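# Structure assessment
Letter by letter, the chains look like this.
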Amino acid sequence: MIELNKLIINNPAEQNLNFNKPSNDKKVYIETYGCQMNFSDTEIVLSVLSQFGYNETSEINDSDVILVNTCAIRDNAEQRVYKRLDDLKKFKKTNPNLIIGILGCMAERLRSDLLEKRKMVDLIVGPDEYRKVPHLIESAMESGEKGIAVKLSKVETYDDIVPVRKEGISAWLTIIRGCDKFCTFCVVPFTRGRERSRNFKNIVDEAKMLRDSGVRDITLLGQNVNSYDYENTDFPDLLKMVAKAVPDVRIRYSTSHPYDCDTKLLETMAEYDNICNYLHLPVQSGSDRILKLMNRLYSVEHYMKVMQKAKDLMPGIGLSTDIISCFPSETEEEHKMTVDLIKQVRYDGAYTFIYSPRENTKAYRMPDRLSDEVKKERMDELIYVQREISSEIHRALIGKEMEVLIESVSKKSDEQFMGRTDCNKSVILPKEVTFVNENGELIKKHECKIGDKVKVKIVKANSATLFSEHILN
Ligand code: 5AD
Ligand code: SF4
């Protein structure tokens, strides 16, 4: 069991609160679906719960409360959650006192369905009402009352809450919540509400606290980080502040919008060594007509200029994107324009999605007439073209020396580590530093550890990963 009471609290007012914390032997199991923002929100929920003495458990069978933090971005994400809720029924049968709660983006849209039709759910809490989770659990436990808290807020940023983070050298740091862009396909403005930026002072303090606790890699998070605006401090200003405050920590961010990804931002990235040379810039489509229908606010020409500027300022920069295939009315020719754009940019990687109609969005009312067969063909082509490019880029790195920050033990072998380069390439590397002496013998020097930055020579590559056999320093 993970003791949540051990969270670090840097706010004296909270420390007093912590001092009077009620004791509680209840255990919470929490499962998270969807984007990094959801994982970051789970850390906030755990922090709120810890104030009421709840402990997290990784054993579902051992839990008094099961919470599912949900994602509504595409239909298949929702279907996964529905399926999971059906699976969870069995736990309620064996433990009738078990409390099951739904958190996050599916909350508002599905509240009637989940509470009324599927009696098993005890509470439903949207992304702006996480402070209420402990009270709603209590009411459900004491009186069986079903709790709903799904209002969206114009001000809630959870600025005073220090998230409970799992051990490791990487951390997310939320800087802005919500989105005002209203892309016509996207449900986020409806599920997460209006944009609100956190105070930059608290963001910088949190970054320093993370560094002091051993974190070496921070990702600044928001649905659209470029919209960050707090007392006339914009995103490039904030990025600079964080980079200066923790010069020994790698800084990344996600996600950026091409409309307001400007030269000031790219120059800031280029200026600071510890801001990673990596840009994830979702293009969504290579057709101006489709971009307009999507309300993306930029043209292909503008996007290509931003990409070129990024390449000029940061040679070797890692580039990735999101693409929606088969948006309503997309023609074969428009699909080919997206294929061409991929070939022109030569991304290191791309996340490709088939358009999924979402209720409430403008695109929901646009006729979606493509057959499943065409959708599959177009999607397969995008994936194939991108995979070929990723493989080519990676193969060209064989024989090159690269600096890698070791992040974790490799999922495939206890004998190896996984690390990332500054431009976000995953590298599998051995645990020991070795070198060849003058007799050609391999000498083991010392074992590396997670958090070390090491130099490696790439010896093998596929479309997703680089491999190295020797650490060079
Ligand atoms: N259908 C398919 N993909 C979507 N995305 C967002 N909404 C939809 C949708 N309705 C994709 C976009 C976005 C990423 C996070 O998810 O590409 O950038
Ligand atoms: Fe959705 Fe567009 Fe906002 Fe991204 S910028 S969260 S795609 S509405």
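Residues numbered from 1 in each chain as written. Chains lettered and ligands numbered in written order. Predicted model: local features only at pLDDT ≥ 70, side-chain atom pairs only at ≥ 80, totals over all residues. Heavy atoms only, no water.

Take the confidence of the model for the chain next. Chain-level pLDDT for the chain is 91 on average; 93% of the residues reach the 70-or-more range. Confidence drops under a pLDDT of 50 for residues 1-20, and excluding neighbours within four residues, the segment shows 39 contacts in the predicted structure. (pLDDT = per-residue confidence, 0-100. Contact = heavy atoms within 4.5 Å.)

This next bit is on the domain arrangement of the chain. In many reports, interface size means the accessible area that the parts give up when they come together. Its domain assignment divides the chain into domain 1 (12-149), domain 2 (167-276), domain 3 (280-396) and domain 4 (401-472). Centre-to-centre, using C-alpha coordinates, domain 3 lies 33 Å away from domain 4. Opposite the 10 residues of domain 3 that make contact, domain 4 presents eight residues. Between domain 3 and domain 4, the buried area comes to about 580 Å², and carbon and sulfur atoms account for 55% of it. Our count for the contact surface shared by domain 3 and domain 4 stands at one salt bridge. Between aspartate 348 and lysine 425 there is a salt bridge; the shortest N-O distance is 2.6 Å. Per element, the largest residue contribution to the side of domain 3 that touches domain 4 is six residues, and it comes from helix H13 (residues 372-395). Looking at side-chain class alone, the side of domain 3 that touches domain 4 contains two nonpolar, five polar and three charged residues. (Domains from an automatic or database assignment. Buried area = accessible area lost by both parts, 1.4 Å probe. Salt bridge = Lys/Arg side-chain N within 4 Å of Asp/Glu carboxyl O. Helix = DSSP H or I, 4+ residues; strand = E, 2+ residues; numbered from the N terminus. Nonpolar A, V, L, I, M, F, W, Y, C, P; charged D, E, K, R; others polar.)

If you check helix H7 (residues 200-212), its first and last C-alpha atoms are 18 Å apart, about what 13 residues at 1.5 Å a residue would give, namely 18 Å. Within H7, the full set of buried residues consists of Phe200, Ile203, Val204, Glu206, Ala207, Met209, Leu210 and Arg211. On its buried face, H7 sits against strand S7 (170-174), strand S10 (217-221), strand S11 (229-230), strand S12 (233-234) and helix H8 (235-245). Taken from the residues just after H7, glycine 214 is the one with a positive phi, measuring 105 degrees. (Expected span 1.5 Å × (residues − 1). Buried < 20%, exposed > 50% of the residue type's maximum accessible area, 1.4 Å probe, protein only.)

What follows deals with the site of ligand 2. Inspection of the region around ligand 2 gives Cys179, Lys181, Phe182, Cys183, Phe185, Cys186, Val188, Pro189, Gln223, His257 and Arg296 as its neighbouring residues. When its residues are assigned to classes, the shell around ligand 2 shows seven nonpolar, two polar and two charged. (Near = heavy atom within 4 Å.)

A few words on empty space enclosed by the protein. One pass over the full model with this rule turns up one cavity of 30 Å³ or more. Within this model, the largest cavity holds a volume of roughly 60 Å³. Considering the residues around the largest cavity, the lining is formed by Ser40, Ile44, Thr157, Tyr158, Ile161, Pro163, Arg165, Leu173, Thr174, Arg198 and Glu206. For the lining of the largest cavity, the secondary-structure elements that each account for two or more residues are helix H2 (36-50) and S7. A per-class count over the lining of the largest cavity returns five nonpolar, three polar and three charged. (1 Å grid on protein atoms, 1.4 Å probe; cavity = no way out; pocket = protein on both sides within 12 Å on 5 of 7 lines; lining within 4 Å. Points joined across faces, edges and corners; volume = space filled by probe spheres on them.)

Bringing the sheet that holds strand S4 (residues 99-104) into the picture now. Read across the open sheet, the six strands follow the order S2-S1-S3-S4-S5-S6; overall the sheet is parallel. Both outer strands of the open sheet, strand S2 (55-56) and strand S6 (147-149), are each paired with one neighbouring strand and no more. Pairing of strand S1 (residues 27-32) with S2 involves two bridges; the strand directions are parallel. Among the inter-strand pairings, lysine 27 is bridged to a residue of S2, identified as asparagine 55. With respect to the sheet, H2 is in contact with S1, S2, strand S3 (65-70) and S4, its orientation differing from that of S1 by roughly 170 degrees. (Pairing = 2+ DSSP bridges. Axes fitted to C-alpha atoms, helices over the stretch in contact; angles between N-to-C directions.)

This paragraph deals with the site of ligand 1. Around ligand 1, a shell composed of Ile73, Arg74, Phe185, Gln284, Asp322, Ile324, Phe353, Ile354, Tyr355, Ser356 and Arg358 is seen. One of the side-chain nitrogen or oxygen atoms of glutamine 284 is found 2.7 Å away from an oxygen atom of ligand 1. One of the side-chain N or O atoms of aspartate 322 is found 2.7 Å from an oxygen atom in ligand 1. Relative to its unbound accessible surface of 410 Å², ligand 1 loses 86% to contact with the protein. (Polar contact = N/O pair within 3.5 Å; in protein donor to acceptor, adjacent residues only side chain to side chain. Areas by Shrake-Rupley, 256 points an atom, 1.4 Å probe, with all protein chains shown as cover.)

Strand order in the open sheet formed by three strands is S14-S15-S16, and the pairing between neighbours is parallel. Strand pairing shows two members of the sheet lacking a second neighbour, strand S14 (278-280) and strand S16 (349-354), which therefore form its edges. Pairs of neighbouring strands in the sheet enclose a mean axial angle of 10 degrees, with direction left out of account.

Among the nonpolar cores identified, the biggest contains 65 residues, and Leu220, Phe235 and Leu279 are the most heavily contacted of them. Composition of this core by domain shows at least three residues from each of domain 2 (167-276) and domain 3 (280-396). Excluding residues within four positions of it along the chain, leucine 279 makes contact with Tyr253, Cys261, Leu266, Met307, Ala310, Ile317, Gly318, Leu319 and Ser320. Core analysis: the next-biggest nonpolar cluster, separate from the first, contains 25 residues, Tyr29, Ile66, Ile100 and Val187 among them. (Core = buried A, V, L, I, M, F, W, Y, C linked by side-chain atoms within 4.5 Å.)

A separate point is the environment of glutamine 51. Mapped onto the fold, glutamine 51 is located in the loop between H2 and S2. Separated by 83 residues in the primary sequence, glutamine 51 and proline 134 place their C-alpha atoms 8.9 Å from one another.

Attention now goes to the layout of surface pockets. Size it by volume and the second largest pocket reaches roughly 240 Å³. Taken together, 15 residues make up the lining of the second largest pocket; nearest its centre are Arg250, Asp273, Glu403, Asp422 and Cys423. Considered class by class, the residues forming the lining of the second largest pocket number five nonpolar, four polar and six charged.

Along the chain, serine 254 connects to threonine 255 via a cis peptide bond; the corresponding omega equals 0 degrees. Relative to the helices and strands, threonine 255 is located in the loop between strand S13 (250-254) and helix H9 (263-271). One non-glycine residue, leucine 297, lies in the positive phi region at around 70 degrees. With respect to the helices and strands, the residue leucine 297 is situated in the loop between helix H10 (288-293) and helix H11 (300-313). For leucine 297, a relative accessible area of 45% puts it in the partly exposed group. The backbone of serine 329 shows a phi angle near 75 degrees, a positive value even though the residue is not glycine. Mapped onto the secondary structure, serine 329 falls in the loop between strand S15 (318-325) and helix H12 (332-345).

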